Every structure is written in structure tokens, then in C-alpha cells.
Amino acid sequence: MTDSSPQSPKQILNRLAAPQSKRLRASGWLSVLSALIWPVQAAVVGLVLGHLVAPGVSPALSPLAGALCFVALALVRIALDWAAQKLGADAAEAIVIHARSRLVAQAARQATGAAALSPAHSAALVAEKLAALTPWATRYQPSFMRARIVPLAFLVIAATQSWVVALILLIAGPLIPIFMALIGMAAQQASEKQMIEIGALNSLLIDRIAAMSDLRLLGAEGRAREVLKDKTEDLRRRTMAVLRVAFLSSTVLELFSALGVAMVAMYVGFSLIGWMHFGTWGAPMTPATGIFLLMIAPEFFQPLRDLAAAWHDRAAALAVGSELDTAETEIEAARKILGDGGAGQPLAGGILRWQGLRLRPARDAAPIALPDGAVAPGEAVAITGPSGVGKTTLLSALAGLLESESGTIEWGTDVLDAQSADAWRAGLGWLPQVPRFADTSLRGLITLGREGDLDGALSAAAAQDIIAGLPGGLETRLGDMGGGVSGGEARRLLIARAHYARRPLLLADEPTADLDPDTAAKVIAGLVALREAGITLIVASHDPALVAAMDRAIALEGVA
Amino acid sequence: MSVLLGLAWRLIVQQKWAFSRGLILSFIVLAMGAALLGLSGWLVTAAGAAGITGIALNIFEPSAGVRGLALGRAAGRYGERLLTHDATLRALADLRLSLMDGVARRPHEEQARLRGAEALNRMTSDVDALDGLLLRLIVPFLAGGMAQLAALLMLWWLESLPVGLSVFAIYLIGGGGGLIWVARAARHQARAAETALQAIRTRTLELLRGRADLAVSGQLQSEINRALEEVTAEARARRTLEALDRRIGAVIGLTTALAAGAALAIAGQMAASGQITPARAAIGFFVALALAESVMLLRRGMAEIGRMQEAGARVVELARTPERPIAPTQAHPVADAPLLRVRDLSFTRPGASGPVFAELNFELHRGETLFLTGPSGAGKSTALAVLAGLLPTSEGTCSVLGETLAHWPETDLRRHLTMVPQRSQLIGGSVAENLALAVPAGELLSQKAAEAALRAVSLDRVLAARGGFEARLNEGGSGLSGGQSKRLALARAALRNPDILLLDEPTEGLDAATARATLEGLRALLPEAGFVIVSHRSPDRDFADREIALTRRCPAQHRAKNTSRRKNT
């Protein structure tokens with residue numbers, strides 16, 4: 001998917017971060033500035049120790065004054081780091097909020113049946129995955145900036161005192177990324193050879209926990225445990241085989257920085273003792289300079305270590321960035337519902353007619369043409385036809401939940417379009433095949449927070465027995481999967497909602513599918529009661545009992 | 001914090017050897033780092049002094065020492081990382097096993113809840129959160145403490161007690177005290193941030209799933225706004241965590257600077273007054289500087305401590321699930337008793353006002369198929385779970401082979417009775433691995449029996465095309481269609497060769513012909529077994545010998561009418 005995208009993952013990240021690029025740059029520069037205070041601290045220590053060894057050679061600085069200077073400079077460093085991190089965190093927050101808000105708002109307006117990603121997938125992307133952008137902004141970005149600037153600056157500073165020290169650092173420094181890259185490739189190969197998938201251990205566990213009831217019924221709990229143990233042990237051995245190669249890369253970093261420091265120490269030592277007389281631009285090396293150079297050396301390598309430590313943050317953010325980009329592109333391409341989905345003033349109503357409709361039932365499906373139709377107020381009409389013929393698709397289009405490829409839908413004198421959609425839907429009730437409830441009370445579900453006759457609605461839908469059977473009655477919270485009520489009961493509750501709302505038109509999608517005859521009869525009775533209350537019904541179904549209970553049927557079969 | 005310490009102790013005790021060798025090497029690496037910088041500082045300063053005074057200095061041995069320490073430290077670091085990761089992987093493997101054991105001991109209905117996507121997600125993210133417990137918290141803390149103690153002794157010996165003590169005290173207060181302070185503050189904040197993140201996910205999920213319904217009821221815009229509010233709320237919670245992280249960084253920076261500054265001031269004064277040489281004074285400063293590594297390593301662990309505490313508390317709670325009550329007596333099956341005898345059986349959920357089902361009465365004999373009917377929500381699945389011994393009986397009696405259900409020890413019961421739940425689960429791996437779960441521990445899967453079982457559910461040919469027993473299934477057994485998974489679960493249960501087989505919607509997702517063939521295949525394979533089938537499909541009803549209706553709740557109104565109608569078969 002990402003191949004067809006014109007932007008590389010890196011460009012995508014940069015685009016996401018663009019509105020915050022100023023803050024991110026400022027954060028990076030502050031962290032660079034903080035790192036550059038170290039040479040000053042090193043000079044202070046150099047002067048203190050230099051004065052103790054060879055009074056008079058360099059400017060004098062007492063240990064106490066030097067220590068105070070050292071701590072004071074450290075405080076400045078801490079303050080700069082603090083500011084850098086604060087800026088980075090603020091930028092990260094803004095980037096993440098922006099990305100999340102955009103994705104939520106766009107994904108929520110996709111037409112039904114047109115979702116580019118499953119809701120669970122989208123929700124995971126919005127929540128956990130996008131959180132990976134934070135460490136990228138707060139840790140990787142400033143460490144990248146430091147790695148580009150600080151070693152170079154230290155090299156120049158070291159070179160002003162001794163070109164030999166600069167040379168040692170110059171050789172050791174750039175060798176690190178080369179070796180790390182080589183080892184990184186070897187590690188990649190090793191992990192491919194060992195076939196280690198990230199999260200494999202978790203899948204092993206999840207699989208068994210999800211199957212726990214089955215395992216118990218099969219008396220296989222002990223056996224499954226042994227298998228899990230063996231597999232985990234096997235995976236551990238293979239993981240260690242990969243790590244043995246992968247850890248070489250950080251060892252190279254350690255090795256070169258340790259050797260760099262050791263060589264600087266030895267060179268400085270030999271120079272000070274008087275056995276070496278080169279590399280200091282002619283002047284003899286003073287003890288203060290020696291200490292200074294020794295302290296610079298390890299910090300020369302520090303930005304590289306920081307960058308290596310933050311490399312994982314970069315990789316994670318790149319992966320999330322391209323996933324986000326793919327999701328956004330696909331959501332952009334998916335069709336949207338008409339209008340905003342907000343509340344509206346109901347339209348005048350009248351005869352509902354549709355003409356020349358061509359609809360796309362799913363994202364990549366070819367459009368299907370549907371026969372024209374009209375439904376008068378108060379009528380009860382069944383839309384019939386075999387599954388897949390477009391019954392659900394037609395209902396979605398009539399509710400403005402799906403844009404049609406061509407054709408018009410009118411209700412009285414009003415035409416359904418993006419402007420009228422919210423008001424259009426204010427006159428509709430909706431009974432989906434699989435009701436999904438938000439985490440709300442039964443009362444909230446039925447009343448939608450509006451005033452009305454709740455008892456009347458429940459008795460008209462003959463739904464009191466459902467309420468009576470639930471421990472919390474009307475205050476029972478249903479949760480996402482409708483916990484506590486069966487599919488048939490959920491539909492009867494939604495019929496009670498239609499009675500309560502008294503909107504002039506109800507669209508119902510296969511309201512009796514998968515129900516036993518008793519429950520189906522109750523659902524049909526509830527629908528008939530709605531019709532008797534003067535509400536127009538359009539019901540998609542191939543259940544003969546339900547179709548017979550309607551005034552007439554519109555058959556969708558036979559039209560291609 | 002006590003949760004984490006308890007958990008860490010548990011993990012360490014199980015992997016003593018792996019843990020202690022990792023810890024010792026971590027300490028050695030820290031010590032070598034301090035020695036390297038201290039020796040380098042001494043070397044440079046001493047050389048400076050020798051250069052000025054002209055006093056001879058053996059520089060070769062110390063410089064060889066510097067080289068050796070540099071190489072040794074890099075090698076040690078490599079070994080340390082390997083060993084600590086190895087110890088962590090082993091500890092996490094133990095943790096996963098105890099999680100599994102804990103879930104296995106939970107009551108049936110809770111297990112059903114735990115296998116929801118949300119709960120599974122949380123469980124794995126909890127285990128993942130704990131991978132830093134040994135690696136980034138316990139090992140660095142102990143190794144750092146050991147390095148500090150070693151440094152205290154070295155500095156005492158080389159310089160003076162005040163230098164050693166002040167460095168030690170500053171690190172103790174800054175590192176140790178800082179850690180405790182962070183641990184206290186972080187848990188609450190990490191919990192808030194995690195709850196906020198969950199809220200984003202839940203709200204988004206509800207929004208996206210219900211978007212059609214919300215749009216029609218005119219609530220889509222307001223629900224989008226509610227989701228966006230969760231996004232801002234999470235950012236607020238996150239901000240306090242970030243601020244805490246900054247404070248950790250500042251405390252560590254200040255600790256290091258104060259320790260090095262104190263060493264410089266005290267040892268420097270001693271050198272200035274001639275008590276020690278300047279070179280020895282340098283050692284104190286450089287060692288104090290190098291010890292910064294011991295707290296730096298803790299930094300990431302400290303940033304994660306809140307999340308670890310939350311995750312640890314949940315994991316420990318699951319892992320500590322008490323053993324299932326053991327059946328008080330041994331089972332004494334009666335030879336000629338009916339397979340199942342159920343008298344006035346009912347089940348009431350704790351706290352509910354009425355029973356889920358009540359007054360169930362029937363007998364099941366060898367070779368018989370019983371069909372349990374009832375409207376949706378009448379408690380058919382619950383009834384099967386009670387018959388299978390997964391749920392306790394509330395009233396009435398149920399005996400299996402003449403012995404009361406509750407008197408059967410778990411393993412004995414499973415030898416005679418099994419059930420295929422409506423949402424039966426397969427596991428990732430080969431078909432053979434899935435079937436092998438049905439075989440008693442210590443026995444091998446018989447190729448012949450397995451083939452017969454697959455043939456009985458007409459799955460042999462379907463699977464043969466995909467590699468037969470070696471056909472791979474993905475996580476959760478995905479890769480097969482719904483109907484194929486169901487049939488594989490049926491075959492797996494049939495391999496147990498049970499006396500009683502309880503089937504919940506066994507033909508869901510199968511076309512009529514396959515459904516019929518599958519049930520007949522099972523019957524032919526297990527001619528002596530008694531079947532109890534719950535299904536809403538009429539072909540299954542035709543297959544049964546007898547039918548029993550289960551009515552929902554309110555037994556006062558609808559007495560469970562046990563219209564046992566024996567058909568002519």
C-alpha cells in the first residue's frame with residue numbers, strides 16, 4: 001500500500017511534524033546548546049587540577065571556586081535540557097492531538113459498508129499506535145540534531161588544542177556508524193534466519209488464554225501449558241541467537257568510545273611527561289589542557305550513543321507514520337455519509353421516491369442499478385430479494401448514509417443532498433441488522449436524552465419483559481456488544497426507541513434475521529404497532545412472515 | 001512499589017542463576033567504567049606532575065591498564081546485555097506461564113470475559129510493560145548500588161573517608177531517594193494516562209461502530225466531539241507524565257554534578273594542603289563523574305515505573321488466582337445409570353433476582369441424542385455450561401453416570417464428558433497440534449483415530465488439500481472458514497471418545513447438507529455416546545431423538561414445559 005504513496009515514511013513524518021517544526025528545531029538547538037556547556041565545565045576542572053599540579057602555568061582556580069563553577073554550569077545545562085524537553089513534549093502533544101483528531105473526524109464520516117479499516121484497527125491506530133509519535137518528537141529529534149552538530153563542534157574545540165586528539169576522535173567517530181550498519185545488517189539476516197516475529201510470544205499466550213474454556217473441557221490445561229513452556233523456551237533460544245549478533249552493534253559503539261578515550265588519555269599522558277612533542281601546534285601541552293582534552297573525549301561519543309538509543313523510536317514512528325498515511329489516503333478515497341451527522345429540524349415529509357439510483361454496495365464493488373420506487377406516508381413496504389442484491393445498500397442510501405453514484409432521492413419536495421441530509425435524517429428512525437450500543441443506560445438508548453412517554457413506547461413495542469429481566473432495569477448499561485440482551489431483544493429495544501421518537505419513517509434492515517419464530521413474531525408485532533401509530537415503514541427482508549405483514553413489497557431481484 | 005518488589009522477587013527466585021550472573025556482570029561493567037575514567041584522570045594528572053617535576057613515572061603499566069579496562073569494559077558490556085536479556089526472557093516466560101495458570105483457575109464466566117479482545121490486549125501490554133522490571137529497574141538499581149559501595153571503599157582507601165562518603169551520600173540521596181519519590185508520584189499519573197488512552201480507544205471504537213446509528217439519530221457530531229475531548233484529556237494526563245520525566249532528568253543531572261563537584265572541592269582542598277597528591281585528587285573527581293552511569297541506566301526504568309506498577313498489580317492479581325475447589329470425594333460411577341440424570345435443575349447468577357433457567361428435567365441414555373430448544377436468551381448455552389460442570393448448579397440435581405456432578409474430580413469428569421462451546425477456539429499451529437490437545441497427557445495422537453475424526457466431520461478432504469495434519473493455522477486458528485473451524489473443534493472433541501458430548505450450535509456456518517453429514521458422522525463415530533445439542537436450526541432438530549424445551553426466567557409464569565416427545569426412530 002505504501003509503495004503507491006508518493007511520500008516516503010520519512011517525508012510523511014516530516015509533514016505531520018511540519019506545523020510544529022519551529023518548536024522541534026528550537027528544542028533541538030537548546031539540547032545542542034546544553035551539550036556545548038560541557039567544554040566550559042571541562043575547562044574549569046582542567047584549570048583546578050592544572051593549578052594543583054603546576055601552579056602558575058595556567059590561570060589559577062581554587063578547588064572550591066572551581067567546584068562551584070562546575071555545579072553552576074551544570075545547573076544551566078539542566079535548565080536548558082528542561083526547556084528543550086518541554087518544547088519537544090509540547091510539540092509532540094500538538095502533533096499527536098492533530099493526527100488523532102483528524103483521523104477520528106474523518107473515519108467517523110465514512111459511509112456504511114465503506115470503511116477503509118475495521119473500527120478496531122482504526123481505534124488502535126488512533127489510541128496506542130499514534131502515541132509512538134511522542135518519543136520520536138521528544139527523544140529522537142533532539143538526539144539527531146545533537147549527533148549532527150555536537151561531535152563536530154567538539155572536534156573543532158579539541159583541534160584548537162591538539163590536532164592529534166582531533167585526529168583520534170575523527171578516526172574513531174565515523175567508524176562507528178559504518179560498523180554499526182554492518183552489524184545491523186547481520187542482525188537483520190540473523191533474525192530472518194531465526195524467523196522471529198515480533199510479538200510471537202504474546203500470540204502464543206493469547207491463543208491459549210482465549211481457548212482456556214476449550215482446554216478445560218478437553219482436559220488439556222496441563223498439556224497446553226507444557227507446549228507453551230516448550231515453545232517459549234524455543235523462542236527464547238532463537239531470540240538470544242539474534243541478540244548475540246544485534247548486541248555487537250552497541251558493543252562497537254562502546255568499544256570505539258572506550259578506545260578513543262584510552263588513546264586520548266595515553267597520548268595526553270605521554271605528551272605531559274615529555275615523551276611526545278607533536279600535535280599541540282608547537283606549544284607544550286599544559287596539565288590543564290590535558291585534563292580538558294580527557295574530559296572532552298567521552299562526551300564526543302555521547303551524542304552517538306543517544307542517537308543509537310533513540311533509533312528504535314524513529315523506527316516505530318516511521319512505521320506508524322506510513323500506517324497513518326495509508327489509512328488517511330484510504331479513508332479519503334472511501335465515500336462519506338451525506339451531511340455532518342448533527343441534529344437538524346425535520347423536513348415536511350410527503351411521498352418518498354427514488355429514481356435512477358446506482359449504488360456501490362462496498363468499497364471496491366461495481367455499482368448496482370436499483371429499480372425506482374415510491375412510498376406514500378403511512379405505508380408499510382418490504383424490500384425483498386436474495387442476499388447481496390442491494391437491500392441494505394438501498395436503505396443506507398435512503399438514510400443519506402451512502403452517497404449514490406447517480407440518481408435522486410426525494411421526500412415530498414425536498415431532495416436528499418449534503419445540505420439537507422441532517423434535516424432529512426431528523427425525520428428517520430433506523431433499525432440496523434446488528435445493533436451496536438454505546439456504553440449508555442437502556443433509558444439513554446431509548447430516549448436519546450429527549451422528553452417523551454417511555455412507558456407507552458415500551459408497552460407499544462411489548463418490551464417491558466426485557467427490562468424486567470435485567471438486573472438494573474432501565475438503568476442497565478449495555479456496553480458495546482449489548483451485553484445482557486440477545487440480538488432479538490436488542491432489536492425490540494430499538495423498536496421501542498422508534499415508538500418513543502415517533503419519527504415519521506422507520507428504515508429496518510432484516511429485523512427478523514437469525515431469530516427463532518417466537519422472537520421474530522414479537523419483532524413483527526412491534527413493527528406492525530409502529531405502522532398502526534402512523535409511521536411509514538420500509539423494511540428490507542426475505543422473511544415471508546415479515547413480508548406478509550407489510551402492505552406491499554418491492555422486489556429488487558432481476559435488475560442488474 | 002511493594003507490588004513490583006514482590007513480583008521482582010518472585011521472578012528472581014525462579015531464575016536465580018540467570019539473574020545473578022547478569023547482575024554481577026552489570027556491576028563489573030560499572031566498576032570498570034569508573035576505574036577507566038579514574039585511572040585515566042590519575043594518569044594524565046600524574047604525568048603532568050612528573051613532566052613538571054621531572055620525577056620518573058612508570059607510565060606503561062597504567063596506560064596498559066587503561067587499554068585493558070577499555071577493551072574489558074566493552075566486552076563486559078556485551079556479556080552483560082546478553083545475560084540480563086536472557087534472564088529477562090526467562091523471567092517473562094515464567095510470568096506468562098503463571099498468567100496462564102491464573103486464568104485457568106478463574107471461574108468459567110470470567111474466562112469468557114478475559115478472552116475479549118480488550119482484555120487480551122491489556123494482558124499482553126501488561127507483560128510487555130514488565131519486561132523493563134528486571135532489565136531497567138532491578139538490575140541497574142542493585143548493580144548501581146554495588147558500584148557505589150565499591151567506589152566508597154576505593155575512595156576511602158585512595159583519598160579519604162570524607163570524599164568517599166560525600167560522593168556516596170549524594171548518589172544515595174539523589175538516586176535512591178529520587179527513585180522512591182518517583183515511584184510514589186508515578187503510579188497515580190501513569191494510571192491516569194493509561195485510563196485516558198483506553199478511553200480514547202473505547203470511545204473511538206464505539207463511535208466508528210455505531211456511526212450509522214449515530215448519524216441517523218443526529219448524534220454523530222456530538223459523539224465525534226466527545227471522542228476529541230478524550231484526546232485532549234489524554235494529552236493532559238500525558239503532560240504530567242512528561243513533566244515527571246523531566247524532573248527525573250533534572251534530579252539525575254543535579255546528583256551527578258553535585259557528586260563530582262563535591263569530590264573536586266574536597267579532594268582538591270586536600271591536594272592543595274598537601275595531604276594527597278593532585279593525581280589522587282583527580283581520581284575522586286573522575287570516579288564520581290563516571291558513577292553517573294549508574295543512575296543514568298535507571299532513568300528509563302524510572303520513567304516506566306508507574307506503568308510497571310499498574311501492569312504488575314493486574315498481572316499479580318491474575319497469577320494469584322486461588323486453586324479451583326477440589327471435589328470432596330472420589331467419583332463412583334454406577335454401571336447401569338443413565339449418562340445424565342437431571343432433576344429440577346436451575347441456575348441463578350449471583351445477585352440476580354431470577355434464575356437464568358429453571359426446572360430442567362431429563363435423562364440421557366447411551367446412544368441417545370437430545371435436542372434442547374428455547375427462544376434466544378432462554379439460557380440454553382448456560383444450561384450446557386452447567387451440565388458440563390463449568391458453572392455450579394443453583395438448585396436441583398444433576399448426576400453423571402449415577403454420580404453427582406459436583407462430586408466428580410475435574411480430570412475424571414473430563415474423561416467422560418466434553419463439550420464444544422458455541423464459540424469454540426482453536427490455537428495457532430498445525431492441525432495435528434490442535435487435535436493433540438484432546439489426547440490425555442503423556443499419550444501420543446493416534447494417526448488412525450485422528451483421521452477417523454476428521455473424516456467423521458467431512459474435513460479430511462478439505463484439509464488434505466492444505467497439507468493434512470501439517471496444515472498451519474494462524475493465531476486463534478484463523479485461516480479456516482467459520483464452518484471448518486467448527487468442524488475441527490468437533491473432531492477434536494470426538495477424539496476424547498466421551499460418553500457425553502454437549503454441542504452448542506454445532507452446525508453454525510455449515511450448509512444443510514454438510515450439517516447433516518457432520519452430525520451423522522459424529523454419531524457413527526461415537527455410537528454409544530449421548531449427545532445434547534443446542535441449536536436454532538431445524539435440520540439439527542430432525543437429527544435428534546428427543547426434544548426438551550427450556551423457557552426463560554420467571555418460572556412462575558412459564559413453567560419449563562418438558563414436552564418430551566419421543567420420535568419414532
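Residues numbered from 1 in each chain as written. Chains lettered and ligands numbered in written order. Predicted model: local features only at pLDDT ≥ 70, side-chain atom pairs only at ≥ 80, totals over all residues. Heavy atoms only, no water.

### A word on the overall build of chain B
Our working rule: Working definition: helices are DSSP H or I runs of at least four residues, strands are E runs of at least two. Numbering for both runs from the N terminus. In this setup the radius of gyration rests on C-alpha atoms only. A globule is expected at 2.2 Å times the number of residues raised to 0.38. Two residues form a contact once any of their heavy atoms are found within 4.5 Å. In this count, Lys and Arg are taken as positive residues and Asp and Glu as negative ones, while His and the chain termini are left out. Where a charge lies is defined by one atom per residue type, namely NZ (Lys), CZ (Arg), CG (Asp) and CD (Glu).
When you go through chain B residue by residue, the secondary structure sums to 19 helices and 11 strands. The C-alpha radius of gyration computed for chain B amounts to 34 Å, which surpasses the reference 25 Å derived for 569 residues by more than 25%, pointing to a less compact arrangement than a globule. Contacts in chain B between residues far apart in sequence, at least 24 positions, make up 78% of those at least 6 positions apart. Averaging the locations of the 64 positively and 52 negatively charged side chains of chain B gives two centres separated by 3 Å.

### Some words on helix 18 (residues 512-525) of chain B
Residues and elements named next belong to chain B. Stated formally: Expected span, for any helix, means 1.5 Å times one less than how many residues it has. Each residue's exposure class comes from its accessible area (1.4 Å probe, protein chains only) as a fraction of the maximum for that residue type: buried when under 20%, exposed when over 50%, partly exposed otherwise.
If you check helix 18, its first and last C-alpha atoms are 20 Å apart, about what 14 residues at 1.5 Å a residue would give, namely 20 Å. Those residues of helix 18 not exposed but buried are Thr514, Ala515, Thr518, Leu519, Gly521, Leu522 and Arg523. Residues of helix 18 that are buried sit in contact with strand 3 (369-373), helix 15 (447-456), helix 17 (482-494), strand 9 (500-504), strand 10 (530-534) and helix 19 (538-543).

### Quick notes on the side chain of Arg106(B)
Residue and element names in this part refer to chain B. For clarity, the threshold we go by: Here a polar contact is taken to be a pair of N or O atoms separated by no more than 3.5 Å, where protein atoms must pair a possible hydrogen donor with a possible acceptor and residues adjacent in sequence count only if both atoms sit in side chains.
Assignment of secondary structure puts Arg106 in the loop between helix 3 (60-105) and helix 4 (108-114). For Arg106, a relative accessible area of 11% puts it in the buried group. There is a polar contact of 2.6 Å between the side chain of Arg106 and the side chain of Glu110. When residues no more than four places from it in sequence are discounted, the contact partners of Arg106 are Gln111, Leu114, Glu317, Leu318 and Thr321.

### What to know about the pattern of salt bridges
The following threshold applies: Within this document, salt bridges are pairs made up of a side-chain nitrogen of Lys or Arg and a carboxyl oxygen of Asp or Glu, the two lying within 4 Å of each other.
By the definition in use, this model includes 59 salt bridges over all chains. Taking the shortest distance from any N to any O, the salt bridge between Glu233(A) and Arg237(A) comes out at 3.7 Å. Linking Glu233(A) with Arg237(A), this pair stays in helix 10 (residues 221-273), spanning 4 residues, or about one helical turn. Relative accessible area serves as the criterion here: at 28%, Glu233(A) is assigned to the partly exposed category. Here Glu80(B) makes a salt bridge to Arg77(B), at a shortest N to O gap of 2.6 Å. Placement of both Glu80(B) and Arg77(B) in helix 3 is noted, with a separation of 3 residues, approximately one turn of the helix. Each member of the pair, Glu80(B) together with Arg77(B), is buried.

Spatial relationships are all this shows, so hold off on functional conclusions.
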